[in-house]
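# Report on the structure
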Amino acid sequence: MSIAWVFPGQGSQKLGMAEDLLSLPGAKERFDFASNLLERDLLAICSGTCDSKDLVDLNDTRNTQPALFVVESLLVDDLFRQNRNASFVAGHSLGEIVALYAANVFDANTGLSLLKRRSELMANAGGGAMTALIGFDRNKLEDLVGVTDDVVIANDNSSTQVVIS
């Protein structure tokens, strides 16, 4: 039987998501590296205890993306420590970067550096927004999108969940 690991993207973050991982080998060091790279306390941001007035929101893409990568990469490392392996890896959006890490394409520091830059570019793109919609009438949604300037279905995730931008 083949095993696949699939990694979620932005939107799967939640305050406290790192709490249970802090006892894993290398967790503190990975969060310290990320915090130094980002010049802010990523672990405090994940827990919602950051004192800084600047960039404290976990939902700020400049924090979300590196935070999810740290959490997911620590989980990957733990699976490897348990001698578990996947035949296939995949990811949705940001999860693609984690999948590449899980496939040993690059190390954790490289992944964090990529996500730092990716999140900065996305934050600076400006002029747009995205939101997930769940539980809607598909025909009505398509009609509304069709008559609304500059709005499109960006991700068609399932028959009951899409992202508009």
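Refer to the structure printed above.
Residues numbered from 1 in each chain as written. Predicted model: local features only at pLDDT ≥ 70, side-chain atom pairs only at ≥ 80, totals over all residues. Heavy atoms only, no water.

## A word on the packing of helix α4 (residues 94-102) against helix α5 (residues 108-125)
To keep it simple, the criterion reads: Between N-to-C directions, angles span 0 to 180 degrees; the directions come from axes that are lines fitted to C-alpha atoms, helices contributing only their stretch in contact. Every helix listed is a DSSP run of H or I at least four residues long, and every strand listed is a run of E at least two residues long, numbered separately from the N terminus. Orientation categories follow fixed angle ranges, with anything under 35 degrees roughly parallel, anything over 145 roughly antiparallel, 65 to 115 roughly perpendicular, and all other angles oblique. We call a crossing left-handed when the near helix sits turned anticlockwise from the far one by less than a right angle, and right-handed when that turn is clockwise. Here, two residues are considered to be in contact whenever any of their heavy atoms come within 4.5 Å of each other. In this classification, Asp, Glu, Lys and Arg are treated as charged, Ala, Val, Leu, Ile, Met, Phe, Trp, Tyr, Cys and Pro as nonpolar, and every other residue, Gly included, as polar.
Two elements in contact, α4 and α5, have axes separated by 10 Å at closest approach and are oriented at 165°. Here α4 is positioned roughly antiparallel relative to α5, judged by the angle of their axes. Classified by chirality, the crossing of α5 by α4 is right-handed. Contacts from Leu94, Ile97 and Tyr101 of α4 reach α5 at Ala108, Gly111, Leu115 and Arg118. Looking at the contact of α4 with α5 residue by residue, the classes come out as five nonpolar, one polar and one charged.

## Describing the pattern of salt bridges
Put simply, the rule reads: A pairing counts as a salt bridge when a side-chain nitrogen of Lys or Arg comes within 4 Å of a carboxyl oxygen of Asp or Glu. Categorising residues by exposure relies on relative accessible area from a 1.4 Å probe, with only protein chains included: less than 20% of the type maximum marks a residue as buried, more than 50% marks it as exposed, and the intermediate range marks it as partly exposed.
Per the counting criterion, the structure on display carries eight salt bridges. The shortest N-O distance in the salt bridge between Asp32 and Lys28 comes to 3.1 Å. Taken together, the positions of Asp32 and Lys28, both in helix α1 (residues 27-38) and four residues apart, correspond to about one turn of that helix. A residue is classified by how much of its surface remains accessible, and Asp32, at 34% relative accessible area, is partly exposed.

## Observations concerning the layout of surface pockets
To keep things clear, this is the line we draw: Every definition here rests on a 1 Å grid over the protein atoms only: cavities are sets of points where a 1.4 Å probe fits but cannot get out, pockets are open sets enclosed by protein on both sides within 12 Å along at least five of seven lines, and lining residues have some atom within 4 Å of a point. Grid points are joined across faces, edges and corners, and a volume is the space filled by probe spheres set on the points.
Reported here for the largest pocket is a volume of approximately 620 Å³. Surrounding the largest pocket, 21 residues form its lining, Gln10, Met122, Met130, Thr131 and Val163 being those nearest its centre. Here the lining of the largest pocket takes three residues from α5, the largest share from any one element. Of the residues in the lining of the largest pocket, the class split is seven nonpolar, 14 polar and no charged.

So, to be careful, I would describe these as geometric facts and stop short of saying anything about function.
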